[in-house]
Amino acid sequence: MAKFGESELRKQIKSGEYENAYLFYGEESYLKEFYVTQIKEKAVDKTFESFNLHMFDGKDISLDDALKDAQMLPMMSEYNLVIVRDYPVEKNQADTKLLEEYLSDCSDTTIFILWYDALEPDVKSAKFKKIIKAFDTAGAAVNLEKRSENDVAKLLVSGAKKRGSSFDINNAKYLISVSGNDMKILLNELDKLANFAKDGEITKDIIDNMAVKCLQARIYDLSKFVVAGNSDKAYGVLNTLFEMKEEPVIILSAISGVYVDMYRVKCAKTAGYTYDDVAKYYNYRGREFALKNASRDCASLSEKQLRDSLDAITQTDIRIKSTAVDKKLLIEELIAKLLITARSM
């Protein structure tokens, strides 16, 4: 059957009419876990769960063992459910063949789920494409990608209402820019904010005072202060990151990402395009806010200043990976260079 997405999946879960095989993969870990849990809770009677639910961690089992359980008949239930998480099927030709053989004639009374959670398969490889095709034929291969910023914001607004609070969609987008676009983290933050707001509104002030800032948001603050030439505040943010035990290499990677965003937006503006065009071309789905921040921060910088800044970042990256110089000191030096570049005309 053809590939399908969330809407078809929700219909099946609501109706209780499932495919006999599902492949869950994609960038959005929360959604993958959510739908696997939904099938588990609705397809298996808890009374007979010990007989009809078989869950495997890919690093601890062989695929053959999981498929043997998939051949079992359910006891006092409509379905036998087999869930295999993070099994690298495409890494072993024998496993790939074994899975394809099972999917060519899967049991009518079994729901077999292969779920990629922490493990990220190479979705562009020929081997994984064969696996996708096999699941498409036997059941459903479901690619759960990051939702757009607007869709996540709507989810937060709806979630706030269910929790007895109100949430303006612009403030919901602001929360995404502060805490990142990981849905699991955002929903945890929403629980906290709604509990504080009680039956009132979740305001920007509440977000500023209570929401936990992700690394990326702190780097946006850092770049904003660097571009403005405010060395005190820039180093204040950097010292906070060091106090939080963030690795210098990770900080550098985040700084690099922000400057790449600014350079892309700057070049796009010069060519007559908007940051929305950049978002589509480079697939910023779910983190469009990054380009909004970039558009704001790069306004006072020239393309040359941004290229010089990226050169400084590249040189720092080389030094961090190839010398014994203290990595924190190298990051501090980089911030000084970026400040000087931002102040130059």
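Predicted, not measured: the structure shown is a model, and the values here were computed from it.

Peer 1: Break down the overall build of the protein chain for me, with residues and values.
Peer 2: Helix and strand content of the protein chain: 17 helices and five strands. Considering only C-alpha atoms, the protein chain reaches an extent of 75 × 50 × 40 Å along its principal axes. The 345 residues of the protein chain split such that 46% are buried. The contacts in the protein chain between residues at least 6 apart in sequence include a share of 73% that link residues at least 24 apart. For the protein chain, the exposed area adds up to about 17700 Å²; of that, 50% sits on carbon and sulfur atoms. Of the charged side chains in the protein chain, 50 are positive and 55 negative; the average position of the first set lies 5 Å away from that of the second.

Peer 1: So what's going on with the pairing of strand E1 (residues 21–25)? Which residues, and what values?
Peer 2: Buried residues dominate E1, accounting for five of its five residues. With burial as the criterion, each face of E1 is covered, one bearing Ala-21, Leu-23 and Tyr-25 and the other bearing Tyr-22 and Phe-24. Sheet topology note: the E1/strand E4 (residues 110–115) ladder contains four bridges and is parallel. Looking at the pairing, Tyr-22 lines up with Ile-113 of E4. Where E1 lies against strand E5 (residues 140–143), four bridges are found, and the strand directions are parallel. Residue pairing for E5: Tyr-22 is matched across the bridge by Ala-140.

Peer 1: Hey, could you go over the packing of aromatic side chains for me, with residue numbers and the actual values?
Peer 2: Under the counting rule described, the total for this entry stands at 10 aromatic pairs. Centroid distance Tyr-25 to Phe-128: 5.5 Å. Interplanar angle 75 degrees. Geometry classified as edge-to-face. Taken together, the residues Tyr-25 in strand E1 and Phe-128 in helix H6 (residues 126–138) connect sequence positions 103 residues apart. Since its relative accessible area comes to 5%, Tyr-25 is described here as buried.

Peer 1: Tell me about the pattern of salt bridges, residues and numbers included.
Peer 2: Tallied over the entire structure, the rule returns 21 salt bridges. The salt bridge involving Lys-68 is made with Asp-64; its shortest N-O contact spans 3.4 Å. Of this pair, Lys-68 and Asp-64 both sit in helix H4 (residues 63–70), four residues apart, which is roughly one turn of the helix. Taking relative accessible area as the criterion, Asp-64 reaches 33% and is therefore assigned partly exposed. The network of salt bridges with common partners includes Asp-57, Lys-59, Arg-85 and Asp-117.

Peer 1: A description of the packing of helix H5 (residues 93–104) against H6 should follow, citing residues and the corresponding values.
Peer 2: One can describe the packing of H5 onto H6 by two numbers: an axis separation of 9 Å at closest approach and a directional angle of 15 degrees. The orientation of H5 with respect to H6, classified from their angle, is roughly parallel. Handedness of the crossing formed by H5 with H6: left-handed. Here Thr-96, Leu-99, Glu-100 and Leu-103 of H5 lie close against H6, whose contacting residues are Lys-130, Ile-131, Ala-134, Phe-135 and Ala-138.

Peer 1: Describe in detail the sheet that holds E5, supporting the description with residues and values.
Peer 2: Strand order in the open sheet formed by five strands is E2-E3-E4-E1-E5, with parallel pairing between adjacent strands. Two strands lie at the open edges of the sheet, namely strand E2 (53–57) and E5, each paired on one side alone. Along the sheet, successive strands turn relative to each other by an average axial angle of 15 degrees, direction set aside. In the packing of helix H2 (residues 29–43) onto the sheet, contacts are made with E1, E2, strand E3 (80–85) and E4, and the angle to E4 comes to roughly 160 degrees. Along the sheet, H4 makes contact with E2, E3 and E4, crossing E3 at roughly 165 degrees.

Peer 1: Describe in detail helix H13 (residues 248–270), supporting the description with residues and values.
Peer 2: The terminal C-alpha atoms of H13 lie 33 Å apart, and with 23 residues this matches the ideal 33 Å at 1.5 Å per residue to within 8%. Those residues of H13 that sit buried are Pro-248, Ile-251, Leu-252, Ala-254, Ile-255, Val-258, Tyr-259, Asp-261, Met-262, Val-265, Lys-266 and Ala-268. Buried residues along H13 sit in contact with helix H11 (215–227), helix H12 (231–243), helix H14 (275–281), helix H15 (289–297), helix H16 (303–322) and helix H17 (327–343). Within two residues after H13, Gly-272 carries a phi angle of roughly 90 degrees, on the positive side.

Peer 1: Any details on unusual backbone geometry? Residues and values, ideally.
Peer 2: Despite not being glycine, Met-76 shows a phi value in the positive range, around 55 degrees. Along the polypeptide, Met-76 turns up in the loop between H4 and E3. In this structure, Asn-283 takes a positive phi of about 55 degrees despite not being glycine.

Peer 1: Tell me about H2, and please be specific about residues and values.
Peer 2: In an α-helix, one turn spans 3.6 residues; hence positions three or four apart end up facing the same way. Look at H2: 21 Å from first C-alpha to last across 15 residues, which is about the 21 Å you get at 1.5 Å a residue. Those residues of H2 that fall on the buried side of the exposure criterion are Leu-31, Lys-32, Tyr-35, Val-36, Ile-39 and Ala-43. Burial along H2 is one-sided: seen end-on, the buried residues are contained in an arc of 130 degrees. Here the buried face of H2 lies against helix H1 (6–15), E1, E3, E4 and helix H9 (183–197). The distance from a side-chain oxygen at the start of H2 to the backbone nitrogen of Tyr-30 is 3.2 Å, and the residue carrying that oxygen is Glu-28.

Peer 1: Before we move on, could you go through the side chain of Ser-295 and cite the residues and values that matter?
Peer 2: Mapped onto the fold, Ser-295 is located in helix H15. One polar contact links Ser-295 to Lys-269, side chain to side chain, over a distance of 3.0 Å. If we skip the residues at most four places from it in the chain, Ser-295 touches Val-265, Lys-269 and Tyr-275.

Basis of the calculations
- One numbering rule holds for all chains: residues counted from 1, following each sequence as written.
- The predicted origin of the model limits local features to residues at a pLDDT of at least 70 and limits the giving and counting of side-chain atom pairs to 80 or more, whereas totals for whole chains, interfaces and linings rest on all residues.
- Side-chain numbers come from the whole structure's heavy atoms, not from hydrogens or water.
- Helical segments are the DSSP runs of H or I of at least four residues, strand segments are the runs of E of at least two, and each set is numbered from the N terminus.
- Throughout, exposure labels follow a simple rule: accessible area from a 1.4 Å probe, protein chains only, divided by the maximum for the residue type, with under 20% read as buried, over 50% as exposed, and the rest as partly exposed.
- Residue contacts are counted whenever heavy atoms from the two residues lie within 4.5 Å of one another.
- Surface accessibility in these figures is a Shrake-Rupley result with a 1.4 Å probe; residues are shielded only by whichever protein chains are displayed.
- The charge count treats Lys and Arg as positive and Asp and Glu as negative. His and the chain ends do not count.
- Where a charge lies is defined by one atom per residue type, namely NZ (Lys), CZ (Arg), CG (Asp) and CD (Glu).
- At least two bridges found by DSSP between two strands is the condition for calling them paired.
- Two aromatic rings, drawn from Phe, Tyr or Trp (for Trp, its six-membered ring), form a pair once their centres lie within 6.5 Å of each other, and the interplanar angle then sorts them: stacked below 30 degrees, edge-to-face above 60, tilted otherwise.
- Take a side-chain nitrogen of Lys or Arg and a carboxyl oxygen of Asp or Glu: if they are within 4 Å of each other, that pair is a salt bridge.
- An axis is simply a line fitted to the C-alpha atoms; with a helix, the fit covers only the stretch in contact. Between two such axes, the angle follows the N-to-C directions and lies from 0 to 180 degrees.
- These descriptions rest on fixed angle ranges, namely under 35 degrees for roughly parallel, over 145 for roughly antiparallel, 65 to 115 for roughly perpendicular, and the rest for oblique.
- Two helices that cross are described as forming a left-handed crossing if the nearer one is turned anticlockwise from the farther one by less than a right angle, and a right-handed crossing if clockwise.
- Here the expected length of a helix is defined as 1.5 Å per residue gap, with one fewer gap than residues.
- As used here, the arc belongs to the directions running from the helix axis to the C-beta atoms.
- Pairs of N or O atoms are called polar contacts if they sit within 3.5 Å, as long as, within protein, a hydrogen donor faces a hydrogen acceptor (for residues adjacent in sequence, only side-chain-to-side-chain pairs).

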